[in-house]
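Breakdown of the fold
So the chains spell out like this:
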Amino acid sequence: MKADTTNQSALSSLLEDIVKKLASSMKLINDEHQALEKRHKDIIDRQDALAYKHGGEHAKPSDIICLNVRGTELFARRDTLTVVKGSRLEALFSGRWENQLLRDESGRVFMDVDPAMFKKILEYLYMVKISEDLPPLPQVVEEDKEAFDMYVDFFKLRTTVSSEAASTEQTISSTMEEKEMMAKMKQDLDAIEQELENEESFVAFFTKDSDAVDSPTGAQLDDSSCFPYKSDAVVGTESKKSATFNGIVNLFLNGEIVAYRVKTVCGDMTSKLASDLSDETWVKEHTIVTENGKACILMEYPGADLKALVEHFHLKNVIAESAKKLSPS
């Protein structure tokens, strides 16, 4: 009888120790949980502050965004452009950078990317919106595959960071599951925070205050490096208007008007293209106005070849450069 009492006392003491350790462990987990919740809230507050600072606090998912994609006019809803969570398109059109986005003379958001590639990306975003599972990327012809893949990586459409992953509304059935959830939540918050840190570097490619991009010759290149002739100086005449606006230049290519950022067409300052566009007399002599009043620079180059050349500059000096400078998440 005495032995039974002793055993019961030892068992009670053991259970008491287990309960205390469990309570201590749960308190630590609860404290960590609260710290992660606070960190999550701080990230949301930072995003909201950016939206307020840059005029996007009233941005709505139903907003229809008018885009100028190198002279091609496209329209898309905001919730389409932001449908892939964690992508750079989501960051760009989140509203956090609304009044910083580069716009043309008509107020359209200017996207200095290949229009055919961007149309493919839009088609993919349409599929994401209507699909239950993440659909495969669209097929492109073999000769365009490398460039398309670079754009997909540039906009970070392959891997995503779901904001829902950082949600604290999860059911916990055990201490081990709680610890695993905490580790996963921390990892997701790390990724979201890193993306927020990288946003400013990325959106610089699409804002009016973009930093200079190094040219292959090592010279610092900005939107004023070409076009020494200021065609807007003769805006008042009937024959000439400005072919450039806000760092965007309109080129007339064999009946087609194509728009680029100045720094894109001057991606290689040693090229004949950059040489022509840096020649004040040449630019003045080639500035024309179309029937609808659009001022352009007449480019007597083979259209397809010039587009390929400029796209080469763009992919080499912007997208490839960004892949080195922007750390992946």
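On a predicted model such as this, the values are computed, not experimentally measured, just so you know. (Residues numbered from 1 in each chain as written. Predicted model: local features only at pLDDT ≥ 70, side-chain atom pairs only at ≥ 80, totals over all residues. Heavy atoms only, no water.)

Considering the environment of Ala59
What counts here: Only DSSP runs of H or I covering at least 4 residues are called helices, and only runs of E covering at least 2 are called strands; the numbering of each starts at the N terminus. Note on contacts: a residue pair qualifies if any of its non-hydrogen atoms lie within 4.5 Å across the two residues.
In this fold, Ala59 is placed in the loop between helix H1 (2-53) and strand E1 (64-69). In the structure, Ala59 is positioned 36 residues away from Gly95 in sequence and 5.6 Å away in space, judged by C-alpha atoms. Apart from residues no more than four positions distant in its own chain, Ala59 is found in contact with Arg78, Ser94 and Gly95.

Observations concerning the environment of Arg158
Rule in force here: In protein, a polar contact means a hydrogen-donor-capable atom and an acceptor-capable atom, both N or O and within 3.5 Å, with residues adjacent in sequence counting only if both atoms are side-chain atoms; elsewhere, any N or O pair within 3.5 Å suffices.
Tracing the chain through its elements places Arg158 in the loop between helix H5 (142-154) and helix H6 (175-203). Sequence-wise, Arg158 and Ser87 are 71 residues apart; in three dimensions their C-alpha atoms are separated by 8.3 Å. The contacts of Arg158, once residues within four sequence positions are left out, are Leu137, Asp149, Val152 and Asp153. Polar side-chain contacts of Arg158 include one of 3.4 Å to the side chain of Asp149. Separated by 2.6 Å, the side chains of Arg158 and Asp153 make a polar contact.

Focus on the pattern of salt bridges
Basically, it comes down to this: What makes a salt bridge here is a side-chain nitrogen of Lys or Arg within 4 Å of a carboxyl oxygen of Asp or Glu, nothing more. Type-normalised accessible area, obtained with a 1.4 Å probe on protein chains alone, sets the label of each residue: buried when under 20%, exposed when over 50%, and partly exposed for intermediate values.
Here the structure, examined in full by the defined rule, presents 17 salt bridges. For the salt bridge of Lys129 with Asp79, the shortest nitrogen-to-oxygen distance reads 3.2 Å. Here Lys129, found in helix H4 (residues 115-130), pairs with Asp79, found in helix H2 (residues 78-81); they are 50 residues apart in sequence, far enough to count as distant. Looking at Lys129, the relative accessible area reads 37%, which means it is partly exposed. For Asp79, a relative accessible area of 21% puts it in the partly exposed group. Across the pair Asp276 and Lys272 runs a salt bridge, and its minimum N-O distance is 2.8 Å. Linking Asp276 with Lys272, this pair stays in helix H8 (residues 272-277), spanning 4 residues, or about one helical turn.

With respect to the sheet that holds strand E2 (residues 72-77)
Heads up, the rule is: If DSSP finds at least two bridges between two strands, the strands pair. Helix axes are fitted to C-alpha atoms over the stretch in contact, other axes to C-alpha atoms as well, and angles between N-to-C directions run from 0 to 180 degrees.
One open sheet accounts for 3 strands, arranged E2-E1-E3; its pairing is mixed. Here the strands that pair on one side only, and so sit at the sheet edges, are E2 and strand E3 (109-111). Ignoring which end each strand starts from, the neighbouring axes of this sheet average 35 degrees apart. Across the sheet, H4 lies against E1, E2 and E3, angled at about 15 degrees from E2, the strand it touches most.

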